[in-house]
Amino acid sequence: MSFKIVLNRKNKTDTFGILGIQEISNNVKFKKSLNIKVSIDDFKYFDKDTNQFSKDLSNFKDLNSKVYSAIIKSNYKIKENSKLKKINLPQVPLSENIENNKSNLDADPDFIEFFKERINAKRTFAHKVSCENVRRKLKRFAKYKGETTVKFSEITPTFIESFYNFCINVPDPTRTMTVNGFKNYLKILKKVVSDAETSGRYYFHRDPFSLVKGLVRDPTDKKGLSIDQFQKLLNLELDDPKLILARDIFSFALLSNGMRFGDAIFIRYGMFKNCLFSYKMSKTKYQSSIQISFKMALKLLDILAIEGGKNVYEDYLNKQAVWGKSLTEPGKDVIVNTYPQICKIIESNSIKIVNPTNEYLNKNDLIEYKGFIIPKHKNIEQYIDIKENLIFQANDELIVYVQSLIDKKKSNDFIFLDRFNKNQVKYFKNYDSKRIMTEIETKKYSGLRNDYNLRLKKIENIYNDTLPQHIEKHKNVIKLSAHISRHSFAKILVDANVNVYLISHALVHRNLSTTQSYIEKSFDKDAAEKANDELNNLLR
């Protein structure tokens, strides 16, 4: 079903007519009068695409208000491409609705001023800043057109399309606009338009955003790191202490189920208790608790500036031993084998060979056990199992040791922020993720995040410069940013065939679709590269 506004005349010689709605349904036409008298000359200024009279007509506001009021009374709603748009009108008598909204019908409200009202109603300062950027851009657009403000009646599909072209094509000294940036602007504008309709301030009889619905977001490269790339990143030689700290934050965030930077930078010693790390997410306010893992403990040793953190762990390993009953002193336990001795036994009885075939193993009376190639009948398996158990034991002791170091610190002190930017600590001394950031905290945090991303960018360049020049180098380059640690956590687990529901739970996503979008960002690129490789192999 579709309809249009037409001018009905009794006689062809009449110089005036009555506006009406012509509805077309199932190839049958129906007409309904709107009881609005308009001259033929005035009707020439009527735009059938927008169903509005143009500004060139002196009384266009009055006529547009009457037309729109008549459409509402007739229960018609208009949308682009003759598709009807559902509008939830307030459940009040129509006469009362029109009376209470005379500002809408008799005058054209100021969209810029209403936008300002909505900004003042926002809870967070960060959200206010984002909305104010859009409002400021809208005012600049109005000035560019030679106007002082923007009225509600001007918010049409062609206006939004012109605003898009202005944002993309007209240079702005303060910021460079991309399609992705404008898509974010659209989200804010759509919310303001929705608020106007919900509050009864103004009813849009057409969808103002119909002409920009086809905008496609530019693909952003947020592919997470693979486990090999992450290992290389950890082993990357860095001389600058600032870059080393940025890498420590990135790696700890990844090891902690992909923490956001906004949570990682504000980690306090008091969040670690009884070998459990607990914190409340600043974005979702969800509580997350993670058992301190061995890798987290090793990283904490480095972060706590313990000289020779890895040597501390090696000392724990070397202290591990197998105890047994003494043959010379009954009832007394003695060390049978130490960890270094067990390692020496395994090394002396194992063979180093890459990807041995079953035929080779059988021929030489060998077996493969937990990554070791050993003789069949020497019972070396028990030493490998003992070594594994001793490692687990040393890992547990190291975690307890790290917790004891943390317990000696002041619970309210920051682990990362003190080292990242000591001058900013005073602004966040009383910050609690349970509440919303203040204006000054938001500004300072934005600076911290920008600094962090700049450091990660430098690390990214150093890493990519170390890659050998090869035709497939592009497959191994990495992109680093504050959020990539979260994507990397998801990618590493997906590559290891971990259930997507477990990944979603670990990331504390409300919807599985959010987790799937993380996975798709990595999978789409990997799949495309693999498909291209397969095609090239087939063509050889």
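As the structure is a prediction and not an experimental result, all values here were calculated from the model.

Some details on the overall build of the protein
Counting its regular elements, the protein contains 21 helices and 12 strands. Taking all 540 residues of the protein together, the buried fraction comes to 43%. Within the protein, contacts between residues at least 6 apart in sequence are counted, and of these 59% link residues at least 24 apart. A total accessible area of about 31,500 Å² is found for the protein, and carbon and sulfur atoms account for 50% of it.

Observations concerning the nonpolar core
Within the largest apolar cluster, 80 residues are counted, with the highest numbers of intra-cluster contacts made by Phe252 and Leu398. A per-element tally of this core places helix α16 (residues 380-407) first, with nine residues. Counting residues in each nonpolar core, the second largest holds 35 residues, with Ala142, Cys167, Val170 and Val192 among its members.

Quick word on the pairing of strand β12 (residues 372-375)
Examined bridge by bridge, strand β11 (residues 366-369) and β12 share four bridges and lie antiparallel to one another. Each bridged residue has a counterpart across the sheet, and for tyrosine 369 the counterpart in β12 is phenylalanine 372.

A few points about the pattern of salt bridges
For the structure on display, the rule yields 13 salt bridges. Where aspartate 41 meets lysine 44, a salt bridge forms, and the shortest distance between an N and an O atom there is 3.7 Å. As a salt-bridge pair, lysine 443 and glutamate 439 come within 3.3 Å of each other at their nearest N and O atoms. Remark: glutamate 439 and lysine 443 occur in helix α18 (residues 439-466); sequence separation between them is four residues, near one turn of the helix. Here the salt bridges share partners, and the residues they tie into one network are Arg118, Lys191 and Asp195.

A word on the packing of aromatic side chains
Counting across every chain of the model gives 28 aromatic pairs. Here the aromatic rings of phenylalanine 141 and phenylalanine 163 are separated by 5.5 Å at their centres, their planes lie at 50°, and the arrangement is tilted. Of this pair, phenylalanine 141 sits in helix α6 (residues 125-144) while phenylalanine 163 is found in helix α7 (residues 157-169), placing the two residues 22 residues apart along the sequence. Among the residues examined, phenylalanine 141 registers a relative accessible area of 3% and is labelled buried. Aromatic pair phenylalanine 163 and phenylalanine 182: ring centres 5.8 Å apart, planes at 55°, arrangement tilted. Placement of phenylalanine 163 in helix α7 and of phenylalanine 182 in helix α8 (residues 179-199) is noted, with a sequence separation of 19 residues between them. Note on accessibility: phenylalanine 163 and phenylalanine 182 belong to one class, buried. Three or more aromatic residues joined by ring pairs make a cluster, and in this case those are Phe261, Phe266, Phe414, Phe420, Phe428, Tyr431, Tyr445 and Tyr452. When the ring centre of phenylalanine 209 is taken as reference, the NZ or CZ atom of lysine 190 above it lies at 5.6 Å.

A closer look at the sheet that holds strand β7 (residues 276-280)
Reading across the sheet, the three strands line up as β6-β7-β8 and stay open at both edges, with antiparallel pairing between neighbours. At either end of the open sheet lies a strand with only one pairing partner, and these are β6 (272-273) and β8 (287-291). For β7 and β8, the ladder comprises five bridges, and the chain directions are antiparallel. Counterpart to lysine 280 in the pairing with β8 is glutamine 287.

A few points about the side chain of aspartate 195
As for its position among the elements, aspartate 195 is in helix α8. Leave out the neighbours within four places in its chain, and aspartate 195 touches Phe114 and Arg118.

With respect to the side chain of glutamate 197
Within the secondary structure, glutamate 197 is located in helix α8. With a relative accessible area of 13%, glutamate 197 lands in the buried category. At a separation of 3.0 Å, a polar atom in the side chain of glutamate 197 contacts the main-chain amide nitrogen of phenylalanine 204.

Comments concerning the packing of helix α10 (residues 241-255) against helix α12 (residues 294-303)
Direction vectors running N to C along α10 and α12 enclose 160°, while the axes themselves pass 10 Å from each other. When the interaxial angle is binned, α10 and α12 end up roughly antiparallel. The handedness of the crossing between α10 and α12 is left-handed. Every residue of α12 that contacts α10 at Asp248, Ser251, Phe252 and Leu255 is listed here: Lys295, Met296, Lys299, Leu300 and Ile303. Of the residues that constitute the contact of α10 with α12, the class distribution is five nonpolar, one polar and three charged.

Description of the confidence of the model for the protein
Residues at a pLDDT of 70 or more form 81% of the protein, whose mean pLDDT is 81. Long-range and interchain partners of residues 75-106, a stretch whose pLDDT sits below 50, account for 57 contacts in this model, where long-range means more than four residues apart.

Quick look at helix α20 (residues 500-507)
Each α-helix turn comprises 3.6 residues. Residues three or four places apart therefore point the same way. The complete set of buried residues in α20 reads Ile503, Ser504, Ala506 and Leu507. End-on view of α20: buried residues confined to an arc of 160°, all on one side of the axis. Along α20, exposed side chains directed more than 90 degrees from the buried face belong to Tyr501, Leu502 and His505. With a side-chain oxygen positioned 2.7 Å from the backbone nitrogen of tyrosine 501, the residue opening α20 is asparagine 499. The positive-phi residue at the C-terminal boundary of α20 is valine 508, with phi of around 55°.

Calculation criteria
Residues numbered from 1 in each chain as written. Predicted model: local features only at pLDDT ≥ 70, side-chain atom pairs only at ≥ 80, totals over all residues. Heavy atoms only, no water. Helix = DSSP H or I, 4+ residues; strand = E, 2+ residues; numbered from the N terminus. Buried < 20%, exposed > 50% of the residue type's maximum accessible area, 1.4 Å probe, protein only. Contact = heavy atoms within 4.5 Å. Areas by Shrake-Rupley, 256 points an atom, 1.4 Å probe, with all protein chains shown as cover. Core = buried A, V, L, I, M, F, W, Y, C linked by side-chain atoms within 4.5 Å. Pairing = 2+ DSSP bridges. Salt bridge = Lys/Arg side-chain N within 4 Å of Asp/Glu carboxyl O. Phe/Tyr/Trp six-rings, centres within 6.5 Å; stacked < 30°, edge-to-face > 60°. Lys NZ or Arg CZ within 6 Å of the ring centre and 35° of its normal. Polar contact = N/O pair within 3.5 Å; in protein donor to acceptor, adjacent residues only side chain to side chain. Axes fitted to C-alpha atoms, helices over the stretch in contact; angles between N-to-C directions. Parallel < 35°, antiparallel > 145°, perpendicular 65-115°, else oblique. Left-handed = near helix turned anticlockwise from the far one by under 90°. Nonpolar A, V, L, I, M, F, W, Y, C, P; charged D, E, K, R; others polar. pLDDT = per-residue confidence, 0-100. Arc of directions from axis to C-beta.

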